[in-house]
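Chain and residue survey
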Amino acid sequence: MTTCFSMTRLCRVLRWLYIYEGAKLRNLFFIAVVVFAAYQTGAIYYNIDAYGSDFVQGNMHLMNKIANISLHYLVFMMCFGATFAFSTLHRRHAGRQLLLLPASNAEKFAALWFVYVPLLVVVLVLAFIAGDLLRMLILPLLVDNGHCPSAVPYFLDNLWGWLSGQEEVYRLKHHFILQVWALFLFCHALCLLCSVVAGYLGWLLSAVTLYVLADAFIRYYDHVASAPYVLLVLAVGFCWLAYCLFCRYPLFKSLFTLRFHGI
(Lines give C-alpha, C1' and ligand atoms only; values in the text may rest on other atoms or scores of the structure.)
Protein backbone atom coordinates (compact mmCIF):
# COMPACT_ATOMS: atom_id res chain seq x y z
CA MET A 1 0.00 0.00 0.00
CA THR A 2 1.32 3.42 -0.94
CA THR A 3 2.16 5.82 1.87
CA CYS A 4 0.72 8.89 0.14
CA PHE A 5 -2.42 10.43 1.57
CA SER A 6 -5.59 9.19 -0.12
CA MET A 7 -9.03 10.74 0.28
CA THR A 8 -10.63 7.48 -0.84
CA ARG A 9 -9.06 5.53 2.01
CA LEU A 10 -9.88 8.39 4.39
CA CYS A 11 -13.57 8.12 3.48
CA ARG A 12 -13.43 4.36 4.02
CA VAL A 13 -11.94 4.88 7.48
CA LEU A 14 -14.68 7.41 8.25
CA ARG A 15 -17.35 4.89 7.24
CA TRP A 16 -15.79 2.31 9.52
CA LEU A 17 -15.51 4.80 12.39
CA TYR A 18 -19.22 5.54 12.16
CA ILE A 19 -19.87 2.18 13.84
CA TYR A 20 -18.05 3.19 17.03
CA GLU A 21 -17.87 6.99 16.97
CA GLY A 22 -21.49 7.53 15.88
CA ALA A 23 -22.83 6.37 19.25
CA LYS A 24 -20.45 8.66 21.16
CA LEU A 25 -21.36 11.64 18.99
CA ARG A 26 -25.06 10.96 19.57
CA ASN A 27 -24.48 10.82 23.33
CA LEU A 28 -22.54 14.10 23.23
CA PHE A 29 -25.35 15.61 21.15
CA PHE A 30 -28.07 14.67 23.64
CA ILE A 31 -25.95 15.80 26.61
CA ALA A 32 -25.35 19.15 24.90
CA VAL A 33 -29.08 19.53 24.11
CA VAL A 34 -29.95 19.01 27.78
CA VAL A 35 -27.22 21.42 28.93
CA PHE A 36 -28.21 24.17 26.48
CA ALA A 37 -31.95 23.77 27.09
CA ALA A 38 -31.56 23.69 30.89
CA TYR A 39 -29.29 26.74 30.93
CA GLN A 40 -31.48 28.82 28.60
CA THR A 41 -34.68 27.90 30.42
CA GLY A 42 -33.21 28.70 33.83
CA ALA A 43 -31.54 31.93 32.70
CA ILE A 44 -34.70 33.34 31.13
CA TYR A 45 -36.97 32.07 33.90
CA TYR A 46 -35.00 33.90 36.61
CA ASN A 47 -34.37 37.08 34.58
CA ILE A 48 -37.49 37.64 32.52
CA ASP A 49 -39.18 39.76 35.22
CA ALA A 50 -36.27 42.20 35.14
CA TYR A 51 -37.12 43.10 31.54
CA GLY A 52 -40.89 43.06 31.74
CA SER A 53 -42.77 44.12 28.65
CA ASP A 54 -39.65 45.67 27.11
CA PHE A 55 -38.15 42.22 26.79
CA VAL A 56 -41.28 40.86 25.13
CA GLN A 57 -41.29 43.76 22.66
CA GLY A 58 -37.82 43.03 21.45
CA ASN A 59 -35.13 43.77 24.04
CA MET A 60 -32.47 41.22 23.03
CA HIS A 61 -29.87 41.97 25.67
CA LEU A 62 -30.60 38.78 27.60
CA MET A 63 -30.71 36.65 24.44
CA ASN A 64 -27.33 38.00 23.37
CA LYS A 65 -25.93 37.26 26.82
CA ILE A 66 -27.35 33.74 26.67
CA ALA A 67 -25.71 33.23 23.28
CA ASN A 68 -22.34 34.40 24.62
CA ILE A 69 -22.46 32.12 27.66
CA SER A 70 -23.63 29.23 25.48
CA LEU A 71 -20.44 29.67 23.48
CA HIS A 72 -18.52 28.94 26.68
CA TYR A 73 -20.52 25.75 27.08
CA LEU A 74 -19.71 24.86 23.47
CA VAL A 75 -15.98 25.35 24.13
CA PHE A 76 -16.21 23.15 27.21
CA MET A 77 -18.06 20.46 25.26
CA MET A 78 -15.43 20.65 22.52
CA CYS A 79 -12.66 19.92 25.01
CA PHE A 80 -14.73 17.27 26.77
CA GLY A 81 -15.55 15.57 23.48
CA ALA A 82 -11.88 15.63 22.44
CA THR A 83 -11.04 13.39 25.40
CA PHE A 84 -13.00 10.58 23.68
CA ALA A 85 -11.38 11.03 20.26
CA PHE A 86 -9.02 8.07 20.57
CA SER A 87 -10.87 5.98 23.12
CA THR A 88 -11.71 3.42 20.42
CA LEU A 89 -7.99 2.79 20.08
CA HIS A 90 -7.93 1.49 23.67
CA ARG A 91 -10.75 -0.99 23.17
CA ARG A 92 -9.41 -4.50 22.81
CA HIS A 93 -11.10 -5.65 19.61
CA ALA A 94 -12.05 -2.31 18.08
CA GLY A 95 -8.53 -0.99 18.65
CA ARG A 96 -7.00 -3.94 16.80
CA GLN A 97 -9.44 -3.49 13.93
CA LEU A 98 -8.56 0.20 13.75
CA LEU A 99 -4.84 -0.52 13.63
CA LEU A 100 -5.32 -3.20 10.95
CA LEU A 101 -7.43 -1.06 8.62
CA PRO A 102 -5.89 -0.83 5.11
CA ALA A 103 -4.95 2.83 5.52
CA SER A 104 -1.97 4.82 6.66
CA ASN A 105 -1.60 6.14 10.19
CA ALA A 106 -1.99 9.69 8.89
CA GLU A 107 -5.34 8.81 7.32
CA LYS A 108 -6.61 7.12 10.49
CA PHE A 109 -5.46 10.02 12.65
CA ALA A 110 -6.98 12.55 10.24
CA ALA A 111 -10.28 10.65 10.25
CA LEU A 112 -10.50 10.73 14.06
CA TRP A 113 -9.46 14.38 14.08
CA PHE A 114 -12.19 15.20 11.56
CA VAL A 115 -14.85 13.46 13.66
CA TYR A 116 -13.91 15.17 16.94
CA VAL A 117 -12.96 18.65 15.73
CA PRO A 118 -14.91 20.07 12.74
CA LEU A 119 -17.72 17.50 12.82
CA LEU A 120 -18.13 17.89 16.58
CA VAL A 121 -18.52 21.66 16.13
CA VAL A 122 -21.40 21.03 13.73
CA VAL A 123 -22.97 18.53 16.15
CA LEU A 124 -22.77 20.99 19.06
CA VAL A 125 -24.21 23.84 16.98
CA LEU A 126 -27.13 21.59 16.02
CA ALA A 127 -27.45 20.67 19.71
CA PHE A 128 -27.75 24.37 20.60
CA ILE A 129 -30.46 24.86 17.97
CA ALA A 130 -32.33 21.81 19.30
CA GLY A 131 -31.89 23.02 22.89
CA ASP A 132 -33.17 26.47 21.93
CA LEU A 133 -36.27 24.95 20.32
CA LEU A 134 -36.80 22.79 23.39
CA ARG A 135 -36.55 25.87 25.59
CA MET A 136 -39.15 27.64 23.43
CA LEU A 137 -41.50 24.72 24.05
CA ILE A 138 -40.87 24.37 27.81
CA LEU A 139 -40.66 28.01 28.95
CA PRO A 140 -44.26 28.99 28.02
CA LEU A 141 -45.44 26.18 30.28
CA LEU A 142 -43.59 27.73 33.24
CA VAL A 143 -44.36 31.44 32.85
CA ASP A 144 -47.12 33.35 31.12
CA ASN A 145 -44.82 35.65 29.12
CA GLY A 146 -42.39 32.89 28.23
CA HIS A 147 -42.84 33.21 24.46
CA CYS A 148 -39.32 34.56 23.95
CA PRO A 149 -37.59 34.80 20.57
CA SER A 150 -34.90 32.43 19.48
CA ALA A 151 -31.28 32.96 20.51
CA VAL A 152 -29.96 31.06 17.47
CA PRO A 153 -29.26 34.16 15.30
CA TYR A 154 -27.22 35.75 18.09
CA PHE A 155 -25.41 32.50 18.80
CA LEU A 156 -24.44 32.01 15.15
CA ASP A 157 -23.44 35.66 14.79
CA ASN A 158 -21.22 35.54 17.88
CA LEU A 159 -19.75 32.20 16.82
CA TRP A 160 -18.87 33.63 13.41
CA GLY A 161 -17.36 36.67 15.09
CA TRP A 162 -14.97 34.49 17.07
CA LEU A 163 -14.18 32.19 14.15
CA SER A 164 -13.43 35.08 11.81
CA GLY A 165 -11.70 37.18 14.47
CA GLN A 166 -13.77 40.28 13.68
CA GLU A 167 -12.82 42.83 16.30
CA GLU A 168 -15.76 45.09 15.51
CA VAL A 169 -18.20 42.33 16.49
CA TYR A 170 -16.96 42.11 20.06
CA ARG A 171 -15.15 45.43 20.27
CA LEU A 172 -12.19 43.55 21.68
CA LYS A 173 -8.52 44.04 21.06
CA HIS A 174 -6.77 41.70 18.66
CA HIS A 175 -4.34 40.60 21.35
CA PHE A 176 -7.17 39.52 23.64
CA ILE A 177 -8.76 37.46 20.84
CA LEU A 178 -5.38 35.85 20.23
CA GLN A 179 -5.09 35.03 23.95
CA VAL A 180 -8.51 33.35 24.00
CA TRP A 181 -7.81 31.31 20.87
CA ALA A 182 -4.37 30.27 22.11
CA LEU A 183 -5.80 29.11 25.43
CA PHE A 184 -8.58 27.16 23.74
CA LEU A 185 -6.26 25.47 21.23
CA PHE A 186 -3.86 24.59 24.03
CA CYS A 187 -6.60 22.98 26.12
CA HIS A 188 -8.11 21.19 23.13
CA ALA A 189 -4.74 19.81 21.97
CA LEU A 190 -3.99 18.66 25.52
CA CYS A 191 -7.34 16.84 25.64
CA LEU A 192 -6.53 15.10 22.34
CA LEU A 193 -3.17 14.01 23.73
CA CYS A 194 -4.76 12.74 26.94
CA SER A 195 -7.24 10.76 24.85
CA VAL A 196 -4.39 8.97 23.08
CA VAL A 197 -2.61 8.26 26.36
CA ALA A 198 -5.53 7.31 28.63
CA GLY A 199 -8.42 6.37 26.36
CA TYR A 200 -11.77 6.62 28.16
CA LEU A 201 -10.00 8.12 31.18
CA GLY A 202 -8.63 10.95 29.05
CA TRP A 203 -11.17 13.36 30.57
CA LEU A 204 -9.79 12.62 34.05
CA LEU A 205 -6.16 12.98 32.99
CA SER A 206 -6.83 16.24 31.16
CA ALA A 207 -8.91 17.62 34.05
CA VAL A 208 -6.15 16.89 36.57
CA THR A 209 -3.48 18.34 34.27
CA LEU A 210 -5.45 21.52 33.58
CA TYR A 211 -6.20 21.92 37.29
CA VAL A 212 -2.49 21.77 38.09
CA LEU A 213 -1.69 24.33 35.38
CA ALA A 214 -4.60 26.65 36.22
CA ASP A 215 -2.72 28.51 38.96
CA ALA A 216 0.18 29.30 36.62
CA PHE A 217 -2.24 30.48 33.92
CA ILE A 218 -4.02 32.85 36.31
CA ARG A 219 -0.81 34.33 37.69
CA TYR A 220 1.34 34.77 34.59
CA TYR A 221 -0.85 34.47 31.49
CA ASP A 222 -2.07 38.07 31.36
CA HIS A 223 1.31 39.51 32.33
CA VAL A 224 3.51 37.83 29.71
CA ALA A 225 3.13 39.22 26.20
CA SER A 226 4.52 36.08 24.53
CA ALA A 227 2.26 33.68 26.49
CA PRO A 228 -0.26 33.18 23.63
CA TYR A 229 2.53 32.28 21.21
CA VAL A 230 4.00 29.83 23.71
CA LEU A 231 0.60 28.17 24.08
CA LEU A 232 0.20 27.95 20.31
CA VAL A 233 3.58 26.26 20.03
CA LEU A 234 2.64 23.88 22.83
CA ALA A 235 -0.69 23.12 21.11
CA VAL A 236 1.12 22.18 17.90
CA GLY A 237 3.58 20.10 19.94
CA PHE A 238 0.76 18.27 21.73
CA CYS A 239 -0.92 17.44 18.41
CA TRP A 240 2.37 16.18 16.98
CA LEU A 241 3.06 14.11 20.11
CA ALA A 242 -0.47 12.68 19.93
CA TYR A 243 0.16 11.64 16.34
CA CYS A 244 3.53 10.08 17.22
CA LEU A 245 2.00 8.09 20.08
CA PHE A 246 -0.88 7.08 17.82
CA CYS A 247 1.59 5.69 15.27
CA ARG A 248 3.41 3.77 18.03
CA TYR A 249 0.37 2.79 20.05
CA PRO A 250 1.17 -0.88 20.80
CA LEU A 251 4.73 0.04 21.79
CA PHE A 252 4.05 2.97 24.10
CA LYS A 253 1.00 1.23 25.59
CA SER A 254 3.14 -1.74 26.61
CA LEU A 255 5.42 0.59 28.56
CA PHE A 256 2.54 1.37 30.97
CA THR A 257 1.21 -2.19 31.18
CA LEU A 258 2.56 -4.63 33.74
CA ARG A 259 3.33 -7.98 32.14
CA PHE A 260 3.92 -10.98 34.37
CA HIS A 261 5.39 -13.58 32.05
CA GLY A 262 5.36 -17.18 33.14
CA ILE A 263 2.74 -16.64 35.87
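Residues numbered from 1 in each chain as written. Predicted model: local features only at pLDDT ≥ 70, side-chain atom pairs only at ≥ 80, totals over all residues. Heavy atoms only, no water.

1. Some details on the overall build of the protein chain
Test applied: Strands are runs of DSSP state E lasting at least two residues, helices are runs of H or I lasting at least four, and both sets are numbered from the N terminus onward. Only protein chains enter the area calculation, which uses a 1.4 Å probe; residues under 20% of their type maximum are buried, those over 50% are exposed, and those in between are partly exposed. Any pair of residues with heavy atoms lying within 4.5 Å of one another is described as a contacting pair. Accessible surface is estimated by sampling points in the Shrake-Rupley manner with a 1.4 Å probe; for residues, cover comes only from the protein chains shown.
Each helix and strand in the protein chain was counted, giving 11 helices and zero strands. In the protein chain, the order of α-helices and β-strands from amino to carboxyl end is α-α-α-α-α-α-α-α-α-α-α. Taken over 263 residues, the protein chain has a buried fraction of 41%. Within the protein chain, contacts between residues separated by at least 24 positions form 77% of all contacts whose residues are at least 6 apart in sequence. As presented, the protein chain carries roughly 15,000 Å² of accessible surface, and 69% of it is formed by carbon and sulfur atoms.

2. Notes on the pattern of salt bridges
The criterion, for reference: Criterion for a salt bridge: a side-chain nitrogen of Lys or Arg within 4 Å of a carboxyl oxygen of Asp or Glu.
Scanning all chains against the criterion turns up three salt bridges. With its nearest N and O atoms 2.8 Å apart, the salt bridge here joins Arg-9 to Glu-107. Of this pair, Arg-9 sits in helix H1 (residues 7-57) while Glu-107 sits in helix H4 (residues 105-116); the two residues are 98 residues apart in sequence, bridging distant segments of the chain.

3. Focus: the nonpolar core
Note the threshold: In these notes, a set of buried Ala, Val, Leu, Ile, Met, Phe, Trp, Tyr and Cys residues joined through side-chain atoms within 4.5 Å is what counts as a nonpolar core.
In terms of nonpolar packing, the biggest core is built from 69 residues, with Ile-44, Phe-86, Leu-98 and Phe-155 touching the most fellow members. Elements that contribute at least two residues to this core include exactly H1, helix H2 (61-82), helix H3 (92-99), H4, helix H5 (118-142), helix H6 (152-164), helix H8 (174-198) and helix H10 (227-247). Top element by residues in this core is H1. It accounts for 14 residues. Filtering out sequence-adjacent residues up to four positions away, Phe-86 remains in contact with Phe-109, Leu-112, Leu-192, Ser-195, Val-196 and Phe-246.

4. Quick notes on the packing of H5 against H6
The angle between the axes and the distance between the axes are what describe a pair of packed helices. We count it as follows: For helices, the axis comes from a line fit to the C-alpha atoms of the stretch in contact; other axes are also lines fit to C-alpha atoms, and the angle between any two N-to-C directions lies between 0 and 180 degrees. What sets the label is the angle itself: under 35 degrees gives roughly parallel, over 145 gives roughly antiparallel, 65 to 115 gives roughly perpendicular, and the rest give oblique. Each crossing gets its handedness from the near helix: less than a right angle anticlockwise from the far helix is left-handed, clockwise is right-handed. For this scheme, ten residues count as nonpolar: Ala, Val, Leu, Ile, Met, Phe, Trp, Tyr, Cys and Pro. Four count as charged, namely Asp, Glu, Lys and Arg, and the remainder, Gly too, count as polar.
Where H5 meets H6, the axes come as close as 10 Å, and the angle between the chain directions of the two elements is 160°. Between H5 and H6, the angle falls in the class roughly antiparallel. Crossing handedness for the pair H5 and H6: right-handed. Taking contact as the criterion, the partners of Val-125, Phe-128, Ile-129 and Asp-132 in H5 are, on H6, Val-152, Phe-155, Leu-156 and Leu-159. Split by residue class, the contact of H5 with H6 holds seven nonpolar, no polar and one charged.

5. Description of the environment of Met-63
Considering the arrangement of structural elements, one finds Met-63 in helix H2. Relative accessible area serves as the criterion here: at 0%, Met-63 is assigned to the buried category. Sequence spacing of Met-63 and Pro-149 is 86 residues, and the spatial spacing of their C-alpha atoms is 8.1 Å.

6. Section: the packing of H2 against H5
Here H2 crosses H5 at 140°, and the two axes come no closer than 10 Å. With respect to their mutual orientation, H2 and H5 come out oblique. For the crossing formed where H2 meets H5, the hand is right-handed. Between H2, through Met-63, Ser-70, Leu-74, Met-77, Met-78 and Gly-81, and H5, the contact on the second element is made entirely by Leu-120, Val-121, Leu-124, Val-125, Phe-128 and Arg-135.

7. Here's the deal with the confidence of the model for the protein chain
Note the following rule: By definition, pLDDT measures how confident the predictor is in each residue, and it falls between 0 and 100.
In this model, the protein chain carries a mean pLDDT of 82, and residues with pLDDT of at least 70 account for 81%. pLDDT under 50 marks residues 257-263. Its contacts with residues more than four places away, or in other chains, come to one contact.

8. Quick look at H4
Condition: The span one expects for a helix is its residue count, reduced by one, times 1.5 Å.
Under the 1.5 Å per step criterion, the end-to-end length of H4 is 17 Å for 12 residues, consistent within 8% with the ideal 16 Å. Taken together, the buried positions of H4 are Glu-107, Lys-108, Phe-109, Ala-111, Leu-112, Val-115 and Tyr-116.

9. Remarks on the side chain of Arg-9
Worth spelling out the cut-off: In protein, a polar contact means a hydrogen-donor-capable atom and an acceptor-capable atom, both N or O and within 3.5 Å, with residues adjacent in sequence counting only if both atoms are side-chain atoms; elsewhere, any N or O pair within 3.5 Å suffices.
Residue Arg-9 is classed as buried on the basis of its relative accessible area, which comes to 11%. Here the side chain of Arg-9 touches Glu-107 through a polar contact of 2.8 Å, side chain to side chain.

10. Some remarks on the state of the cysteines
Counted only if it meets this: When two cysteine sulfur atoms are found within 2.5 Å, that pair is recorded as a disulfide.
Here the structure, examined in full by the defined rule, presents zero disulfides. Unpaired in terms of disulfides, Cys-244 finds its nearest cysteine sulfur in Cys-247, a separation of 6.6 Å.

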